[in-house]
Amino acid sequence: MSETKVCIKFFRQLIIVITIIAFFISGTAYAATLSFTPSAGSYKQNETFSVGIYVGSLDKSMNAVSGTITFPTNKLQVVSISKTNSIVDFWAQEPTFSNTSGTIKFEGVVLPPGFQGGNGRILILNFKGKQTGLAEVKISSGQVLANDG
C-alpha cells in the first residue's frame, strides 16, 4: 500500500465552542461546548478511523443536544455511526449521515438528572479516507439545552 496519507484537522477554532444557553441567574452565564476527540489526526488513504463527538457542560446539567456536522465528500466518507456508550437516552432524530451532501445530523435527549461534566460522549463517527489532502470536519450548527425544566 502506498504511503499516501489523508490528513484530518479538526480546527479547535472552527469546531465552534458553542455557547448555546446563557442563563442570567444571579448574574452568572452558563455555557456548554461540543467538540471532537481526537481534534486532529493523520490517516492513510482507505484507512478507517473513528472520531468522537463530546459535550461539555461543567456549570449546569444539560438534557438535550442536537447538531449538524459537515465534511468534504471528496476526501472522506462516513462508514458508520455508533451510539454505544452515549449519554443520550432517547433520540428525537436518529443520527443520520449523507455521503452525498457531506452531512451528519443528530438530536437527542438525556433523561433526568441530565448530564453535567466535561466529556459526555454523544456519538462515535467512523470515517474512511478517500483522497489525499486536508479534510475539515466541522460542527456547522449545534444546540445544547440546560436541564432546567
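Residues numbered from 1 in each chain as written. Predicted model: local features only at pLDDT ≥ 70, side-chain atom pairs only at ≥ 80, totals over all residues. Heavy atoms only, no water.

Undergrad: Honestly, the environment of I139 in this entry has me stumped. Any pointers?
TA: Inspection of the secondary structure assignment puts I139 in strand 10 (residues 138–146). The class of I139 is buried, set by a relative accessible area of 3%. It is 6.0 Å that separates the C-alpha atoms of I139 and T68, two residues lying 71 residues apart in sequence. (Helix = DSSP H or I, 4+ residues; strand = E, 2+ residues; numbered from the N terminus. Buried < 20%, exposed > 50% of the residue type's maximum accessible area, 1.4 Å probe, protein only.)

Undergrad: I would appreciate a short explanation of the pattern of salt bridges in the present structure.
TA: Side-chain pairs of opposite charge can arise where the charged atoms are in close proximity. Applying the stated rule across the entire model yields one salt bridge. E94 serves as the salt-bridge partner of K83, at 2.6 Å between the closest nitrogen and oxygen. One end of the pair, K83, is in the loop between strand 5 (76–82) and strand 6 (90–98); the other, E94, is in strand 6, with eleven residues separating them in the sequence. Classification of E94 by relative accessible area gives partly exposed; the value is 41%. (Salt bridge = Lys/Arg side-chain N within 4 Å of Asp/Glu carboxyl O.)

Undergrad: Any chance you could explain the confidence of the model for the protein here in plain terms?
TA: One rule of thumb: low pLDDT means the predicted coordinates there are not for detailed reading. Across the protein, the average pLDDT comes to 83, with 79% of residues at 70 or higher. A low-confidence stretch, residues 1–5 stays under pLDDT 50, and its non-local contacts, those more than four residues away or across chains, total twelve contacts. (pLDDT = per-residue confidence, 0-100. Contact = heavy atoms within 4.5 Å.)

Undergrad: Sorry if this is basic, but what is going on with the nonpolar core here?
TA: One recurring pattern in soluble globular proteins is that nonpolar side chains are buried together. Membership of the largest hydrophobic core comes to 29 residues, with the highest contact counts inside it found for I69, I122 and F127. For this core, the secondary-structure elements that each account for two or more residues are strand 2 (33–37), strand 4 (48–70), strand 5, strand 7 (103–109), strand 8 (115–129) and strand 10. The biggest single contributor to this core is strand 4, with seven residues. Residue contacts for F127: discarding those within four places in its chain leaves E47, T48, F49, V51, F71, L76, Q77, V78, V79, I104 and V137. (Core = buried A, V, L, I, M, F, W, Y, C linked by side-chain atoms within 4.5 Å.)

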